[in-house]
Amino acid sequence: MNEETAVGDIQKQVQAALDRRVESGAERGVQVAVYRHGELLVDAVAGVTDPATGRPVTPATVFYNYSIGKAATATVVHVLVEQGLFGYDTPVAELWPGFAAHGKEAVTVRHVLNHTAGVPGLPLDTTVDDICDWERICATVADSELWWKPGTAMGYHAYTYGYILGEIARRATGKRISQLLAEEVAGPLGVADELYFGMPETEHGRLAVLEEPEGAAEMMAQMPQDLPMFKAGPMSLFPSAALGNRTDVLAADIPAGSKTSARAIARMYAALLGQLPGTRLISPERLREATAVSSEGTDQVFGNEATWGLGYSLGLPMAAEPRRGVFGMAGAGGSYAYGDTATGIACAVTKNRLTMDFDVIMEVVALVDEEVAAG
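Residues numbered from 1 in each chain as written. Predicted model: local features only at pLDDT ≥ 70, side-chain atom pairs only at ≥ 80, totals over all residues. Heavy atoms only, no water.

> It is not clear to me how the packing of aromatic side chains should be interpreted in this structure. Could you clarify?
The geometry of an aromatic ring pair is captured by the separation of the ring centres together with the interplanar angle, meaning the angle of the planes. Inspection of every chain in the model, using the stated rule, returns 11 aromatic pairs. Geometrically, the ring pair formed by Tyr336 and Tyr338 is tilted, given 6.1 Å between the ring centres and 50° between the ring planes. Each of the two residues, Tyr336 as well as Tyr338, counts as buried. Joined through ring pairs, the aromatic side chains of Tyr156, Phe302 and Trp308 make up one cluster. Over the ring of Phe99 we find Lys104, and its NZ or CZ is 5.0 Å from the ring centre. For Lys259, the ring lying beneath its charged end belongs to Tyr64, and the centroid distance is 4.9 Å. (Phe/Tyr/Trp six-rings, centres within 6.5 Å; stacked < 30°, edge-to-face > 60°. Buried < 20%, exposed > 50% of the residue type's maximum accessible area, 1.4 Å probe, protein only. Lys NZ or Arg CZ within 6 Å of the ring centre and 35° of its normal.)

Okay, structure coming up:
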């Protein structure tokens, strides 16, 4: 992707902020991209992809960002709905009959997108090999039992979200979700070499290497073991540097996450906002529906308060006040990407140190807010 980067004050301010974070040791390698009304305002990077080699982060470096890829999965689904292949209220089992097992025939596409489907977990004996095998994991998901009646409660579907929507897409089109991402989203946006679900092994040399901050394992071990999140899958599948650096995981279609650069995923949000000439992904009417409140309340898996549109989290993480117009997705480790219908901003942070905070995105948001206020 060849795109000229703006060098205004906001670019300089974000660059300085990233440099400070890397120099302090808080971050190892980080990218930030910001679009406004289709113009790339910020394309800033700092640090290295891997301390063992010293390879610097560039704007084209690809990071495994875990759940920010859920928004790319949702975007593919919205494109297919726009094409008339199925609707939000289409039962999953209409396209995937085996999914109806154990009383799941009432689960709709909408339920999956807004995390109310009632199938948030994988069996506790699920292995990493299992999640890398599409047919095997989809058979497991189809055989799942409901945690609640569809639509009556909301709980984060960490892995099952991606497999259910990916299998719906495959059955509707005959194409894997990775192919659809390339053909319907990343390709038209000119970022097919920076936005992936399964990333070809021949391209893995371009990836940043993930790393854990000190104390991460201890913090996880101190959490109460009776939390519902620990019943939703084995610890071996929880986001970690070790998991995200595995060749098989990086090469597999696991559309609950993605491998992407900041500028690629930010460009997707700019296109959703309709700000890139010739590359609108969905209609303004569909964007309004996708970003309206679809479910909200206490998450039955993680216990936090959450508000969902159709596949996008609404509002910013850690914000003191709700942020109207913001739709996006956070990733374990502090990555984040979003669009803002109120300001025309599309923004992404990608990084390789899996911190337990969203400090980078909140600092960037503050700088961007100042730029927007200044006109």
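> Explain the environment of Pro317 to me, please; I cannot follow it from the model alone.
Relative to the helices and strands, Pro317 resides in the loop between β9 (313-314) and β10 (326-331). For the pair Pro317 and Arg267, spaced 50 residues apart in sequence, the C-alpha to C-alpha distance is 20 Å. The contact partners of Pro317, leaving out residues within four places of it in the chain, are Tyr336, Phe358, Ile361 and Met362. (Helix = DSSP H or I, 4+ residues; strand = E, 2+ residues; numbered from the N terminus. Contact = heavy atoms within 4.5 Å.)

> Can you walk me through the nonpolar core in this structure?
Where a protein is soluble and globular, its nonpolar side chains tend to be buried together. Within the largest apolar cluster, 90 residues are counted, with the highest numbers of intra-cluster contacts made by Met268 and Tyr269. Ranked by the residues each element gives to this core, the list is headed by helix α12 (residues 262-272), at nine residues. Val32, Tyr336, Cys347 and Val365 belong to the second largest nonpolar core, which has 25 residues in total. (Core = buried A, V, L, I, M, F, W, Y, C linked by side-chain atoms within 4.5 Å.)

> Explain unusual backbone geometry here, please?
Glycine aside, the phi torsion of most residues is negative, and most peptide linkages are trans. Of note in this structure, Tyr66 is not a glycine but carries a positive phi near 50°. Its location among the elements puts Tyr66 in the loop between β4 (63-64) and α2 (69-82). Residue Tyr66 is classed as buried on the basis of its relative accessible area of 5%. With a phi close to 60°, His102 is a non-glycine residue in the positive phi region. The topology assignment puts His102 in the loop between α3 (92-95) and α4 (109-113). On the basis of relative accessible area, His102 is assigned to the partly exposed category, the value being 44%.

The quantities given are spatial measurements derived from coordinates; they are silent on function.
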